[in-house]
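Descriptive analysis of the structure
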Amino acid sequence: MKTASTLVVPEIAPEPGVNGTSETSSRGSSNVFRQAPVLVPAGALALGWWSLGAARRPHDVGGFGLIGILPVGAWVALGVLIASFAVSAVRGRFTGARAAVHVLALVVLLHGAPALLYQHPRFSTAWLHAGFIEYIQRTGDLLPYVDARFNWPGFFTGAALLGKLAGLDDPVSLLAWFPVLVNLAYALPLMVIGRMAVKDARVRWIGLWCFYIASWVGQDYLSPQAVNLFLYLCVLAVVLTYFRPPLTTALKKKSSRRWVRFWSALWREEVPAAPTTKGQRLGLFAAVVGMGVASVVSHQLTPVFLVVALGALGLFRRSTLRGLPLLLGVVMLAFLSYATVPFWSGHLKDIFGGVGKVGSSVGANVGDRVQGNADHQFVVQVRMLVTVILWLLAGAGLLRRLKRTGIEPALILLATVPVVVVGMQSYGGEAMLRVYAFTLPFMALALAIGFAPQPWVVRRVVAGALVLGVLSAALALGFYVARFGNERFEFMRPTEVAAMRWVYDHAPPGSIIEAYDDVLPWQFRDVEAHQHLLLTNIGMKRAVDISYVARRMRANQAGGFVVLTTGQEAAGEENFGLPVGWMRALRDEMVASGNFVVVYENRDAWVLQVTPPVPLVEVIPAEPTAEMIPAAPPPVVVPSAPAPEIVPSAPAPEIVPSAPAPEIVPVTPAPPTEPAPETTPPPSQKVQP
Amino acid sequence: MTTVLRPSQWAAALTAAAWLAVMFSAPAVLRVPLALAFGLVAPGLGLVALMKLRKPLVEVMLAIGMSIAFLILISYGMVKLGGWSATMGLYWLSVPALVGIVVESARRADEGR
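Residues numbered from 1 in each chain as written. Chains lettered and ligands numbered in written order. Predicted model: local features only at pLDDT ≥ 70, side-chain atom pairs only at ≥ 80, totals over all residues. Heavy atoms only, no water.

This part takes up the overall build of chain B. Within chain B, the secondary structure is distributed over four helices and zero strands. When the helices and strands of chain B are read in sequence order from the N terminus, they spell out α-α-α-α. Against the 2.2 N^0.38 benchmark of 13 Å for 113 residues, chain B shows a C-alpha radius of gyration of 15 Å, consistent with a compact globule. Taken along the three principal axes of its C-alpha coordinates, chain B extends 45 × 30 × 30 Å. Here chain B holds 113 residues, and the buried ones make up 45% of them. Nonlocal contacts in chain B, meaning residues at least 24 apart in sequence, comprise 62% of its contacts between residues at least 6 apart. About 5,700 Å² of surface is accessible on chain B, with carbon and sulfur atoms providing 71% of the total. Charge centroids of chain B, computed over 9 positive and 4 negative side chains, lie 8 Å from each other. (Helix = DSSP H or I, 4+ residues; strand = E, 2+ residues; numbered from the N terminus. Rg over C-alpha atoms; globule rule 2.2 N^0.38 Å. Buried < 20%, exposed > 50% of the residue type's maximum accessible area, 1.4 Å probe, protein only. Contact = heavy atoms within 4.5 Å. Areas by Shrake-Rupley, 256 points an atom, 1.4 Å probe, with all protein chains shown as cover. Lys, Arg positive; Asp, Glu negative; His and termini not counted. Charge placed at Lys NZ, Arg CZ, Asp CG, Glu CD.)

Attention now moves to the packing of helix 19 (residues 374-404) of chain A against helix 21 (residues 431-451) of chain A. Residue and element names in this part refer to chain A. Taken N-terminus to C-terminus, the directions of helix 19 and helix 21 make an angle of 40°; their axes are 8 Å apart at the nearest point. Our classification of the angle between helix 19 and helix 21 gives oblique. Handedness of the crossing formed by helix 19 with helix 21: left-handed. Every residue of helix 21 that contacts helix 19 at V386, T387, L390, W391, L393, A394, A396, G397, L398, R400 and R401 is listed here: M432, Y436, T439, L440, M443, A446, L447, I449, G450 and F451. The residue makeup of the contact of helix 19 with helix 21, split by class, is 15 nonpolar, four polar and two charged. (Axes fitted to C-alpha atoms, helices over the stretch in contact; angles between N-to-C directions. Parallel < 35°, antiparallel > 145°, perpendicular 65-115°, else oblique. Left-handed = near helix turned anticlockwise from the far one by under 90°. Nonpolar A, V, L, I, M, F, W, Y, C, P; charged D, E, K, R; others polar.)

A separate point is the confidence of the model for chain B. Residue and element names in this part refer to chain B. Put simply, chain B has an average pLDDT of 91, and 97% of its residues get 70 or more. Mean pLDDT values over the elements of chain B span from 89, in helix 4 (residues 86-112), up to 96, in helix 3 (residues 56-80). Predicted complex metrics record ipTM = 0.95 and pTM = 0.84. (pLDDT = per-residue confidence, 0-100.)

Here R551 of chain A lies in helix 25 (residues 546-554). Between the C-alpha atom of R551 of chain A and that of V610 of chain A, which follows or precedes it by 59 residues, the distance is 9.0 Å.

When the charged atoms of two side chains with opposite charge come close together, those side chains can pair. Residues and elements named next belong to chain A. Overall, the coordinates contain 20 salt bridges over all chains when judged by the stated rule. As a salt-bridge pair, R202 and D200 come within 2.7 Å of each other at their nearest N and O atoms. Accessibility assignment for this pair places R202 and D200 in one class, buried. Taken together, the shared-partner salt bridges in this structure form one network comprising R122, E487 and E490. (Salt bridge = Lys/Arg side-chain N within 4 Å of Asp/Glu carboxyl O.)

Picture the strands of a sheet paired through backbone hydrogen bonds; they go either parallel or antiparallel. Residue and element names in this part refer to chain A. On the basis of which strands lie adjacent, the open sheet formed by five strands has the order 4-3-5-7-6 and mixed pairing. Two strands close off the open sheet at either side, each with one partner strand: strand 4 (531-534) and strand 6 (596-602). Put simply, the sheet's adjacent strands are angled 25° from each other on average, direction ignored. Pairing of strand 6 with strand 7 (residues 605-610), which is carried by six bridges, proceeds in the antiparallel orientation. Looking at strand 7, one finds that V598 is bridged to L608. (Pairing = 2+ DSSP bridges.)

Right, let's talk about the nonpolar core for a bit. Nonpolar side chains tend to gather and get buried jointly when the protein is soluble and globular. Of all hydrophobic cores here, the largest spans 209 residues; its most connected members are Y186 and Y232 of chain A together with L62 of chain B. If you tally residues by element for this core, the top one is helix 10 (residues 224-242) of chain A, at 15 residues. Ignoring sequence-local partners within four residues, the contact set of Y186 of chain A consists of F211, Y212, A226, L229, F230 and L233 of chain A. (Core = buried A, V, L, I, M, F, W, Y, C linked by side-chain atoms within 4.5 Å.)

Another aspect to go through is the packing of helix 2 (residues 28-51) of chain B against helix 3 of chain B. Residues and elements named next belong to chain B. Helix 3 packs onto helix 2 with a crossing angle of 120° between their chain directions and a minimal axis gap of 6 Å. By the angle between their axes, helix 2 is oblique relative to helix 3. Along this stretch, helix 2 crosses helix 3, giving a crossing that reads as right-handed. Here helix 2 contributes G39, L40, V41, A42, P43, G44, L45, L47, V48 and M51 to the contact with helix 3, which in turn contributes E59, L62, A63, I64, M66, S67, I68, F70 and L71. Here the residues of the contact of helix 2 with helix 3 sort into 15 nonpolar, three polar and one charged.

Right, let's get into helix 27 (residues 582-592) of chain A. All names here are of chain A. Among the residues making up helix 27, those that are buried are W582, M583, L586, R587 and M590. Burial along helix 27 is one-sided: seen end-on, the buried residues are contained in an arc of 140°. Turning to helix 27, the residues buried within the fold contact helix 25, strand 5 (560-565), helix 26 (566-576), strand 6 and strand 7. (Arc of directions from axis to C-beta.)

Okay, here's the thing in structure tokens:
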């Protein structure tokens, strides 16, 4: 009986070669069966790729997002891949090329599905980042008063330079495949870190698999945090590989005896740090400092996590570079003090006000997110469920391993210390998401180490494969819901993109462009030429004061436009519980008020212009397409009108860090009779990563 | 007999290819992969080659990590100092990329004497 058989394989699997060669290739390629562990996942990848690429481009998505429009071929491919993984991993040959192909296929099928399925890149913030990059490419300048992110511009300047060298003038072309590339890059430091924690290569690959299948946070779009997570992992990989003191040496030092005794009790199978010369250590130290400084100038939050993690490693004697967190902390404070003045002047309370307020921070990060309609709440609950399951399994794995062979203490530290950041900042309600992102690599590794047999003796092969397969399938399903469950407003419809291109082609420079919610493909070009505002950012919760919006636009010499899209309508329904059809009601109310006229319309977007309309910049007779519906009343176009005077850029808008989610007002927009506020409110600004 | 390029030679080769692609405005199918490979690998690889770590996985990781750090710091410096220029960026990124081969050549010349 197979289930009762015992499969014993060497405890320490052979290390994969430089180029990922495995024992399979060395045994000759003629035997197809021997190649099956590579051919099956490669076939699954090919099937999934073909199926997603050949599927009809979606025009819309349902309440649970991507999962509802995945073609059958993609499901079959994922099922075959998971089954192949479960069998290969349990049989104990999950290393080298066969493991690499499994992981590659998983990354493409999970994180690359939108790139293959959608016509345009998803997620509005990614489009905004493309706009920042395009602006730097074009002008070589920054706009620190327009957006808080421009105060940490390193990522955007770097991407602009790279794009310029590559001749890519439209950074939107980088968006679609960036998540796949950056996820694959994470594999390098994760495998290096895995080496210090576990000797068995197959356990490291299983940890990597768990990382990808549970990585639902969605911070891997073209963004500073995606690249900074890579830098964070690289720094830790170098420190743990080359600057980790052996416990036996540390024991000789009187001051550290208690720590060593403590750690020795935990860790009885130490993987020693790699030996280095003085010159190598100097070079590695310089590399670590360089990557740390690059992180400081390119992201607000990652350097904080880095300093906390390095501080914990130094404090608990798992790093000899005990001055490094101090050095990076000083660099971080110096940068914050001198280079980010536009951000923090007047907002110190927003930065440091959250220190110690753990309760309110957790509330903003957890409680405030469970809101909206039933579909959205389900997605949020799945996210929480996946997180809790992973953390519980990892915790159980750590405890299990502690009882048997012990575990590298650094792994415990890195899997837990990022939680400290929640006590410092709510980060606009996103700190818990970031904590999950920064703990996940180590939690996933802990899970693999905790439950992988060591030595690799699998007594119930079928049962083991079933457990691994079912767990992977459940996590993959959870991934699709948790990661892509908000596609109703994160998916960028071709018609929405067409509408925004029309706006940028026609809106006079200096004009105001407003939307109900920032879930549309805007600011991807000419980011400095228009003021981008939210209709609702007037201290009136989610209600819209139409007369106030009109007055604000009329006060602007170049006028203004309101863009309403299906994505915004979905966001209103899902996030704020607004009734179905609320956007059409808003549009009708705006038109009926006499303050706005519809100047462009297609099946997913309305563009309204304030009356009296300012002449449009350029009249481009659009080719009639199936997506375009003549607007009523017809577009207000004044041909050959003199170009409007360019209004100097608006007064520097006040940057307001993103506040906790506003209270829901589940009613249709406020009537125009409501008195408008006297003072001009600040334009919408969010400090978002 | 197969000849395998050393890391410093890879860095130099990528640098030369990127220079040619940028200077002669090569078609996108050539220029995009060459420029991306150069910017994301070569500056770090040139310095990693000097460390002689003999761990390919660590060397590749460090090459990419350090290259990204160079990209960020050099481009940020250019913007802050008001000297934004793709050509200048190419110059500055080429310095660390070529350090490895220059130092190795100098060492070899010393050993030859």
